[in-house]
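Take a look at the letters that make up each chain.
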Amino acid sequence: MGLETAILVGAALSAGASIFGGNKAAKAQTNAANQATNLSREQFNAGLERTAPYNQLGLGAIPGLSAMSAQPVDKFAYRDPGQFLSQYFQGPEYQALNTQATDQILRNRAMTGGFRSGGTQADLAQIAPMLGIQALERQNQQDLTAYGTNQAANADQYQRLYGIANLGANIATGNANQGMNFASQAGQNAIAAGNAKANSYMNTANAIGGFASDYTGLQLAKGYDALRPQGQRVF
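Residues numbered from 1 in each chain as written. Predicted model: local features only at pLDDT ≥ 70, side-chain atom pairs only at ≥ 80, totals over all residues. Heavy atoms only, no water.

1. Quick notes on the packing of aromatic side chains
Evaluated as defined, the whole model comprises six aromatic pairs. Centroid distance Phe76 to Tyr78: 4.9 Å. Interplanar angle 85°. Geometry classified as edge-to-face. When its relative accessible area of 56% is taken as the criterion, Tyr78 is described as exposed. On the basis of an interplanar angle of 65° and a centroid distance of 4.8 Å, the ring pair of Phe89 and Tyr94 is categorised as edge-to-face. For Tyr94, a relative accessible area of 11% gives the class buried. One aromatic cluster is present, formed by Phe84, Tyr88, Phe89 and Tyr94 through successive ring pairs. (Phe/Tyr/Trp six-rings, centres within 6.5 Å; stacked < 30°, edge-to-face > 60°. Buried < 20%, exposed > 50% of the residue type's maximum accessible area, 1.4 Å probe, protein only.)

Structure, rendered in structure tokens:
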């Protein structure tokens, strides 16, 4: 093999090895970037699957919250005394208690001999107002207790729904953040794969350019060598 052939073969082998090694490295980097993207995608999808029930639970609480928020504010109101007493004095409770109190007063007066006194009439006249006031106060207290119980139940229900909806909101926020992280990682992996391919192309171009430079240098060397005396020529 002549010197010129040996130089060209060596340059070609060097360029080929550089191109082959660069392509292998680029392929490995691209595969690694793709694997990282696939792993991130699998983790993201798995996270969505795990949190889906909680997300749906939170979404399911929103209609209840909206309905409760749309309801008018329930304010407590005492019974109208005139209307309440008018109905009470016509009811069986008043009739029974009034008869019982009247009989008690009359028996006491009969035993003390004051049956026909003015005090007896005054005591009898106090029965209706006393029973009416007691009944009105008792009813207002029952209404107030029921109102407080109902308000506490509504507040508890609202807090429960709010807690469930807030859980779903936190899950959705976490999923959104994971999605942004996945997108960022996928973008970085794509850039890394693109850079690897670009470096491979650049390496190929450099190898070809190096071979061309070696060939050009060889031709120049042969030209200069041809100017030498016959016995001093290398080629």
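On we go from here.
2. Quick word on the pattern of salt bridges
Going through the model one piece at a time under the given rule, you end up with three salt bridges. A salt bridge links Asp143 to Arg79, with the nearest nitrogen and oxygen atoms 2.6 Å apart. Taken together, the positions of Asp143 in helix H5 (residues 127-226) and Arg79 in the loop between helix H1 (3-70) and helix H2 (81-88) put the pair 64 residues apart, joining distant regions of the chain. Under the relative-accessibility criterion, Asp143 is labelled buried at 17%. Of the charged contacts, one joins Asp156 and Arg160 as a salt bridge, the two residues approaching to 2.8 Å between their closest N and O atoms. Of the two residues, Asp156 and Arg160 both sit in helix H5, four residues apart, roughly one turn of that helix. Judged by its relative accessible area of 56%, Arg160 is exposed. (Salt bridge = Lys/Arg side-chain N within 4 Å of Asp/Glu carboxyl O. Helix = DSSP H or I, 4+ residues; strand = E, 2+ residues; numbered from the N terminus.)

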